[in-house]
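Results of the structural survey
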4 protein chains.
Amino acid sequence: MIIVLKRGVRQKDVTNLISELVDSYEVQIHPIEGSECTVLGLVGDTSKITLEDIGTDERIHKVMRVKEPFKKANRAFHPENSIIRVGESSIGGDEFAIIAGPCSVESEDQITEIAKSVQSVGATFLRGGAYKPRTSPYAFQGLEEDGLELLKKARAVTGLPIVTEIMYPETIEKFVKDVDVIQVGARNMQNFALLKELGKTDKPILLKRGLSATIEEWLMAAEYIMAGGNENVILCERGIRTFETYTRNTLDLSAVQAVKKMSHLPVIVDPSHATGLNYMIEPMCMAAIAAGADGVIIEVHNNPAKALCDGPQSITPDRFAKAVDKMRKYVEIEGRTIRRGQ
Amino acid sequence: MIIVLKRGVRQKDVTNLISELVDSYEVQIHPIEGSECTVLGLVGDTSKITLEDIGTDERIHKVMRVKEPFKKANRAFHPENSIIRVGESSIGGDEFAIIAGPCSVESEDQITEIAKSVQSVGATFLRGGAYKPRTSPYAFQGLEEDGLELLKKARAVTGLPIVTEIMYPETIEKFVKDVDVIQVGARNMQNFALLKELGKTDKPILLKRGLSATIEEWLMAAEYIMAGGNENVILCERGIRTFETYTRNTLDLSAVQAVKKMSHLPVIVDPSHATGLNYMIEPMCMAAIAAGADGVIIEVHNNPAKALCDGPQSITPDRFAKAVDKMRKYVEIEGRTIRRGQ
Amino acid sequence: MIIVLKRGVRQKDVTNLISELVDSYEVQIHPIEGSECTVLGLVGDTSKITLEDIGTDERIHKVMRVKEPFKKANRAFHPENSIIRVGESSIGGDEFAIIAGPCSVESEDQITEIAKSVQSVGATFLRGGAYKPRTSPYAFQGLEEDGLELLKKARAVTGLPIVTEIMYPETIEKFVKDVDVIQVGARNMQNFALLKELGKTDKPILLKRGLSATIEEWLMAAEYIMAGGNENVILCERGIRTFETYTRNTLDLSAVQAVKKMSHLPVIVDPSHATGLNYMIEPMCMAAIAAGADGVIIEVHNNPAKALCDGPQSITPDRFAKAVDKMRKYVEIEGRTIRRGQ
Amino acid sequence: MIIVLKRGVRQKDVTNLISELVDSYEVQIHPIEGSECTVLGLVGDTSKITLEDIGTDERIHKVMRVKEPFKKANRAFHPENSIIRVGESSIGGDEFAIIAGPCSVESEDQITEIAKSVQSVGATFLRGGAYKPRTSPYAFQGLEEDGLELLKKARAVTGLPIVTEIMYPETIEKFVKDVDVIQVGARNMQNFALLKELGKTDKPILLKRGLSATIEEWLMAAEYIMAGGNENVILCERGIRTFETYTRNTLDLSAVQAVKKMSHLPVIVDPSHATGLNYMIEPMCMAAIAAGADGVIIEVHNNPAKALCDGPQSITPDRFAKAVDKMRKYVEIEGRTIRRGQ
């Protein structure tokens, strides 16, 4: 960690600051006297010093971190890729994971139909919203508990593990029992109360990147879960909020490479929510593979007649099947496989 | 609501879409045939139609909302300013609210000392973090329950109502009993589970704007609480995340005017967290008054000797006193008052 | 174009506004009376009405454009892809364009060496900065005119057309004579004086997206050049400025699909400047192909010994060769080709 | 400057890098060996080292600047506030500058009328667009040379110095002769060709902040002009581009304080273009004063009958007069004055 002192700080104040730091943290201090200001280099365990804590108006101008503040998520201490296994499916290994399903679970027919359909072309997980985070309190909030039951029926029929979003801490026990991968939505990425509870379970957690979360904050959110003892974290890039409004969000594919560099955790991409435009889903899936992602999560609807309930970010099973066909060619170049459809 | 259809959509498809919309929602449809595409104007209750729901790749190009999707927070249906009263203090009326206190509650001496100090110059509420949301799981998470007890002691001494952040849904009951204003932090602005629970209480809620929340999303978060029955919502602008990193966030003072235009709810400003730079706190307080805010929330620390624990966003009681002196002149121009110190 | 009037506007004012609009522009007006406000649908040539012009505090609440404001760049009026041909190279057709070369032209040896090296593995254009836009006036500003001469020598040796950035309007004549593709940098994307002058030439223009330019503004910048008579515009996505600072900018690959949807112009991707991190260049090239780009522009340096002068966004010829090898597999899936090296 | 090396870099490579740096720049190097990586502290003249130049994939992980890269604009070397004087008006001193006038110059009557009107209540400069930067090539581009003539007539009548935007480098000579303050628009903030030419003149330059320019980049743009010999630079904050679209841009008032801290140059605020909403102009003027600005630039129109030509960011002379009245109270608190109207 580097601390830049203000111009004109007196030697006495520098000495005091050094003493305070050495007393408070297990660090050694190396001061560098510049022509205009003094810089302190801190060596040792600086992970307990947060940028928010340190610094006062009196002496410190700026603090710069040299080491990443995350440990369990850090590739430096865990060089191999982590592989999260769920039944016969996995994320992070040679098999490219395809998580597909409707935005919301609506009925037994709907979810079972889609589950069979996506499985038949190679999907490895079934997604579907039971509890739905909605911007408006007046919008449909999902089938909730009933939705979970329907997901379980679809799993019974297809064998596909199910991925669904948790919203209420009091449902954790139920989710642990019923669900295969628990999704934390973008809006809850820094809901530390929820992350801590999930850290006490051993369920795989799909952690979506917050709309305005830096890559480091996202990894720190993963660290919250891992620090609690649950190292089964899968990261999911789903677009960040920028000034561009043509797409719903801006898909940040270079974040996939960044995560791969800094962390051993698997990372997947959600082109449906990132772009909000169904004509972009297929090319963005291909781009995700090329960018090094371990999988994709895609919205698939099966009811073109009742189109109003399916968002512009969904594709039909037909288009999904064609997309998977093309994805097979792409993953092959990357030395990976996509499961044969069943 | 305006729906722009794609170019080249056939007349038959237009007719079908109109039927589906009329069947699904209580709306009347007015089609306008343009030279290149058709536009549908929807009149009626469009609040149940969400932008996420509507639109398919087949027929719809773009959806534009004309009316705001919030009702209870909407000034159109509640023209007068709402005033939230807490004991002898209030937010939204003639008295300009000053909420002051330390970042974290650390000890009885610390919090009581600061409480007396800020009260003596005119603060109307005491703030202090008991449960602290921290980016790192390894950072100090606050004194938690003990912190609440210390806040209560400081209240007993000064009479100042206390404002503190809630993080854990299971503590709501305790907060309702012990705390005067419950703060929802920026990271939890769209934690709908929490918002719904708070909507069932009758406590004043201080709702901070999320780092990347639009003004409309912020008002919709308020609507979640209000829809549950609790209309005591105070909004707090605390900076948004932009590309500029000189300040921690970018304080969006024009949002104060926007909120005042669209909503009857009171809105205050947090210059400490927005800028993260203590030399900016005083001028940004003045600017907040000028921009029409109903109050400010400021971090004040009292222990210059142990400076490392106080963030660069805090000011000393001396500077706070001077700032309040100056604020008195500003609020007078705006026809408001600041309480005399006691 | 849709005009939403304010709540409570009197009928007389609505009538007057309609008359004014009909008098000022060649449009027909279709009013829709909603429960709370009136909406006007404008049919006809609305391209002369700019969002900045229209709207007053008296009557208008909001204006929403239905049609894109660009014409010559619009795919609606030019359904086929445009192909820009330069000698034996082209951008926008079946051949995937690879523009490679150093950040700055430094010496005859350097530029000729790199030119031969990139040509030998399949590059179709040579890039190199002669005039360099630098954030600091004290930084090296490029070899300028001498740099152009060196580029010409490298072209003479290899036959590769040269792409280089223009900064000074007074050099346009020289650029038209000496250069094959004139690059407009991100900082000058809305330098309308420059765009207008370039519109009078017939040279291919490589128009980089501005750091905070929306896709529509970018296409409008292309429209400036095209409106002057020069339709040879190539668009280049090079990252947008967001809150994320791990990468220099955020590469917006979905913008490639957006441009392809709205416009017939070719679009290429610059992973070097977008990410600023050389380990990301190769995967982001692959992702660009997958996202539908017509080419890439990559920085290649050849002097690992003097590493300080080469930015972290450059790769060596060896890595470039390997990247091109892999790109061949990707473009094949997309039904395109990369030229054989010579 | 701090250079963080990659983990695992060999001692030999560290030694080589140090030699290269010492050879290339006039710096001394202080290495700090951390537990996981080595950090180099550079002392000396690091202003010639740009972040773009330095760093290679081989050895360097990250570069962090300690000192600001600007010199002439730096308050550290010029502690007193600069005051820019133009005739009897000035910016940066005790008199708060009010620059007012129409968006575009339209006719002699219009500009003279507005000039007299704004002067009569205390404006100190007349603004008006003659050359207009427009997003669309099909929109009205201003009266250009004729516009300048009309501005001169308005100046002749009122004595108010004129401020107007330059777009074409070939008009610099004319602007130097005819205009009192030359405005550089946000889109041209990094048009270095233009900045260099303006640096050769001795005219006051009003330099608007680019839509996505950091405060440091903005000061570096000022440095370009100053490095050329022209130190008469006035900075103008006019909103930055963020995800929030309710306002046209997000007015960054804390940037005023940041500029005041880092630089001696005067800084004014443009609430008209920043917000694009006329109901916000008055409160944002007050907030600008409170934030420490040296002046404001406001759009005033005088023709409510022909409302379509006046943007939503303009106010009428009546509202302007009331705003100035209120501003007098605000500037008084800040120890400044506003000129009496004439």
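Conventions we followed
Residues numbered from 1 in each chain as written. Chains lettered and ligands numbered in written order. Predicted model: local features only at pLDDT ≥ 70, side-chain atom pairs only at ≥ 80, totals over all residues. Heavy atoms only, no water. Helix = DSSP H or I, 4+ residues; strand = E, 2+ residues; numbered from the N terminus. Buried < 20%, exposed > 50% of the residue type's maximum accessible area, 1.4 Å probe, protein only. Contact = heavy atoms within 4.5 Å. Areas by Shrake-Rupley, 256 points an atom, 1.4 Å probe, with all protein chains shown as cover. Lys, Arg positive; Asp, Glu negative; His and termini not counted. Charge placed at Lys NZ, Arg CZ, Asp CG, Glu CD. Least-squares fit on C-alpha atoms with pLDDT ≥ 70 in both. Axes fitted to C-alpha atoms, helices over the stretch in contact; angles between N-to-C directions. Parallel < 35°, antiparallel > 145°, perpendicular 65-115°, else oblique. Left-handed = near helix turned anticlockwise from the far one by under 90°. Nonpolar A, V, L, I, M, F, W, Y, C, P; charged D, E, K, R; others polar. Pairing = 2+ DSSP bridges. Buried area = accessible area lost by both parts, 1.4 Å probe. Salt bridge = Lys/Arg side-chain N within 4 Å of Asp/Glu carboxyl O. Polar contact = N/O pair within 3.5 Å; in protein donor to acceptor, adjacent residues only side chain to side chain. Right-handed = clockwise from strand over helix to strand, strands pointing away. Phe/Tyr/Trp six-rings, centres within 6.5 Å; stacked < 30°, edge-to-face > 60°. Expected span 1.5 Å × (residues − 1). Domains from an automatic or database assignment. Arc of directions from axis to C-beta.

This next bit is on the overall build of chain A. Per the secondary structure count, chain A includes 10 helices and 14 strands. Structurally, chain A occupies a C-alpha span of about 75 × 45 × 35 Å along its principal axes. Looking at chain A as a whole, 67% of its 342 residues are labelled buried. In chain A, 68% of the contacts between residues at least 6 apart in sequence involve partners at least 24 apart. Of the roughly 11,500 Å² that chain A leaves accessible, carbon and sulfur atoms contribute 47%. One finds the centroid of the 42 positive side-chain charges in chain A at a distance of 2 Å from the centroid of its 47 negative side-chain charges.

On to the relation of the copies chain D and chain B. When chain D is fitted onto chain B, the two copies agree to an RMSD of 0.0 Å after a turn of 180° and an axial shift of 0.0 Å. Taken together, the rotation angle and the small translation identify this as a two-fold axis. Taking the C-alpha atom as reference, chain D places A287(D) closest to the rotation axis, 2.1 Å from it. Comparing interface residues between copies, 100% of those in chain D also sit at the interface in chain B, which points to an isologous, same-surface contact.

A few words now on the environment of P169(B). The residue P169(B) is located in the loop between β9 (162-165) and α4 (172-178) in this model. Assessed through its relative accessible area of 23%, P169(B) is described here as partly exposed. Separated by 98 residues in the primary sequence, P169(B) and K71(B) have C-alpha atoms spaced 26 Å apart. Residue contacts for P169(B): discarding those within four places in its chain leaves P169(A), A193(A) and L194(B).

Below, the discussion takes up the packing of helix α9 (residues 281-290) of chain C against helix α10 (residues 317-333) of chain C. All names here are of chain C. Taken N-terminus to C-terminus, the directions of α9 and α10 make an angle of 25°; their axes are 10 Å apart at the nearest point. In terms of their interaxial angle, α9 and α10 are classed as roughly parallel. Here α9 runs over α10; the crossing is right-handed. Contacts between α9 and α10 involve E282, C285, M286 and I289 on the former and, on the latter, R319, A323, K326, M327, Y330 and V331. Split by residue class, the contact of α9 with α10 holds 7 nonpolar, no polar and 3 charged.

The next point concerns the sheet that holds strand β8 (residues 125-127) of chain C. Residues and elements named next belong to chain C. Spatially, β7-β8-β9-β10-β11-β12-β13-β14 is the arrangement adopted by the 8 strands of the closed barrel, whose pairing is parallel. Averaged over all adjacent pairs, the angle separating strand axes in this sheet is 25°, with direction ignored. Inspection of the sheet shows strand β13 (residues 267-269) paired to strand β14 (residues 295-299) by 2 bridges, in the parallel sense. When the sheet's bridge partners are listed, V269 is paired in β14 with V296. Against the sheet, α10 contacts β7 (97-101) and β14, and its axis sits at roughly 175° relative to β7.

To continue, consider the sheet that holds strand β2 (residues 27-33) of chain A. Residues and elements named next belong to chain A. Ordered in space as β2-β3-β1-β4, the 4 strands form an open sheet in which the pairing is antiparallel. The sheet is open, and its two borders are formed by β2 and β4 (60-64), each paired with just one other strand. Geometrically, the sheet is characterised by an average inter-axis angle of 20° between neighbouring strands, direction not taken into account. Of the pairings in the sheet, the one linking strand β1 (residues 2-5) to strand β3 (residues 38-44) comprises 3 bridges and is antiparallel in character. Residue I2 lies in a different strand from β3, and its bridge partner there is G41. The strands touched by helix α1 (residues 11-24) within the sheet are β1, β2, β3 and β4, with β2 carrying the most contacts at an inclination of about 160°.

Further remarks concern the interface of chain D and chain B. How big an interface is tends to be stated in terms of accessible area lost as the parts join. If you look at the interface, chain D gives 36 residues, while chain B gives 36 residues. The junction of chain D with chain B conceals about 3,000 Å² of combined surface from both sides, 71% of it contributed by carbon and sulfur atoms. It is F243(D), Y330(D) and I333(D) that lose the most area in chain D upon contact with chain B, and together they represent 20% of the buried surface on that side. Between the two partners, chain D and chain B, sit 4 salt bridges.

A few words on the side chain of T250(D). All names here are of chain D. Here T250 shows up in the loop between β12 (233-237) and α7 (254-262). On the accessibility criterion, T250 (0% relative accessible area) is buried. Within the structure, T250 has its side chain in polar contact with the side chain of T242 (distance 2.8 Å).

Residues and elements named next belong to chain A. Residues other than glycine seldom take positive phi values, yet E144 does so here, at roughly 55°. Positionally, E144 belongs in the loop between β8 (125-127) and α3 (145-158). Judged by its relative accessible area of 29%, E144 falls in the partly exposed class.

Residues and elements named next belong to chain C. Where helix α2 (residues 108-119) contacts helix α3 (residues 145-158), the axes come no closer than 9 Å and their chain directions differ by 35°. Note on packing geometry: the crossing formed by α2 with α3 is right-handed. Residues E108, I111, T112, A115, K116 and Q119 of α2 form the contact with α3, whose own contacting residues are L150, L151, K153, A154, V157 and T158. In terms of residue class, the contact of α2 with α3 is made up of 6 nonpolar, 3 polar and 3 charged.

Now for the pattern of salt bridges. By the definition in use, this model includes 84 salt bridges over all chains. In this structure, the salt-bridge partner of K260(C) is D294(C), at a minimum N-O distance of 2.5 Å. Note that K260(C) is positioned in helix α7 (residues 254-262) and D294(C) in the loop between α9 and β14, a separation of 34 residues in sequence. Across the pair, exposure class does not vary: K260(C) and D294(C) are buried alike. Note that K200(D) is salt-bridged to E197(D), the shortest N-O span being 3.0 Å.

Residue and element names in this part refer to chain D. Where burial is concerned, the two faces of strand β11 (residues 205-208) agree: the one with I205 and L207 and the one with L206 and K208 are both buried. Relative to β11, strand β10 (residues 181-184) runs parallel, the two being bridged by 3 bridges. If you follow I182 over to β11, its bridge partner there is I205. The parallel pair β10 and β11 is bridged by helix α5 (residues 192-199), and the resulting crossover is right-handed. Looking at chain direction, β11 and β12 are connected through 4 bridges and run parallel.

Applying the stated criterion across every chain, the model contains 14 aromatic pairs over all chains. Note on F192(B) and Y224(B): the rings are 4.4 Å apart at their centroids and 20° apart in plane angle, and the pair reads as stacked. With F192(B) in helix α5 (residues 192-199) and Y224(B) in helix α6 (residues 215-227), this residue pair connects regions lying 32 residues apart in the sequence. For the pair F192(B) and Y224(B), one class covers both residues: buried. Considering the side-chain rings of Y131(C) and Y168(C), the 5.8 Å spacing of their centres and the 65° angle between planes classify their relative orientation as edge-to-face. Of this pair, Y131(C) sits in the loop between β8 and α3 while Y168(C) sits in the loop between β9 (162-165) and α4 (172-178), and the two are 37 residues apart along the sequence. Summarising the burial analysis for this pair, Y131(C) and Y168(C) share the class buried.

This paragraph deals with helix α10 (residues 317-333) of chain A. Structural remark: α-helix, 3.6 residues per turn; residues separated by three or four positions point the same way. Spanning 17 residues, α10(A) covers 25 Å between terminal C-alpha atoms, matching the ideal 24 Å at 1.5 Å per step. Buried within α10(A) we find F320(A), A323(A), V324(A), M327(A), Y330(A) and V331(A). As for α10(A), its buried residues are in contact with β7 (97-101), α2 (108-119), α9 (281-290) and β14 (295-299) of chain A together with α9 and α10 of chain C.

The next subject is the domain arrangement of chain A. Partitioning chain A into structural domains gives domain 1 (2-64) and domain 2 (75-333). Spacing between the C-alpha centres of domain 1 of chain A and domain 2 of chain A amounts to 42 Å.

Along the polypeptide, S254(D) turns up in helix α7. Ignoring sequence-local partners within four residues, the contact set of S254(D) consists of T247(B), T275(B), M280(B) and M284(B).

With that settled, consider the environment of I289(B). Residue position: I289(B) is located in helix α9 (residues 278-290). Those residues in contact with I289(B), other than ones at most four positions away along the chain, are F96(B), M327(B), Y330(B), V331(B) and E334(B).

Here we take up helix α3 (residues 145-158) of chain D. Residues and elements named next belong to chain D. In this model α3 runs 20 Å from its N-terminal to its C-terminal C-alpha over 14 residues, within 8% of the 20 Å that 1.5 Å per residue would give. Buried within α3 are the following residues: G147, L148, L150, L151, A154 and T158. Projected down its long axis, α3 carries its buried residues within an arc of 160°, all on one side. For α3, exposure combined with an orientation more than 90 degrees from the buried face picks out D146 and A156. Those residues of α3 that are buried are in contact with α2 (108-119), β8 (125-127), β9 (162-165) and α4 (172-178). With its phi angle positive at about 80°, G159 sits one or two positions after the end of α3.

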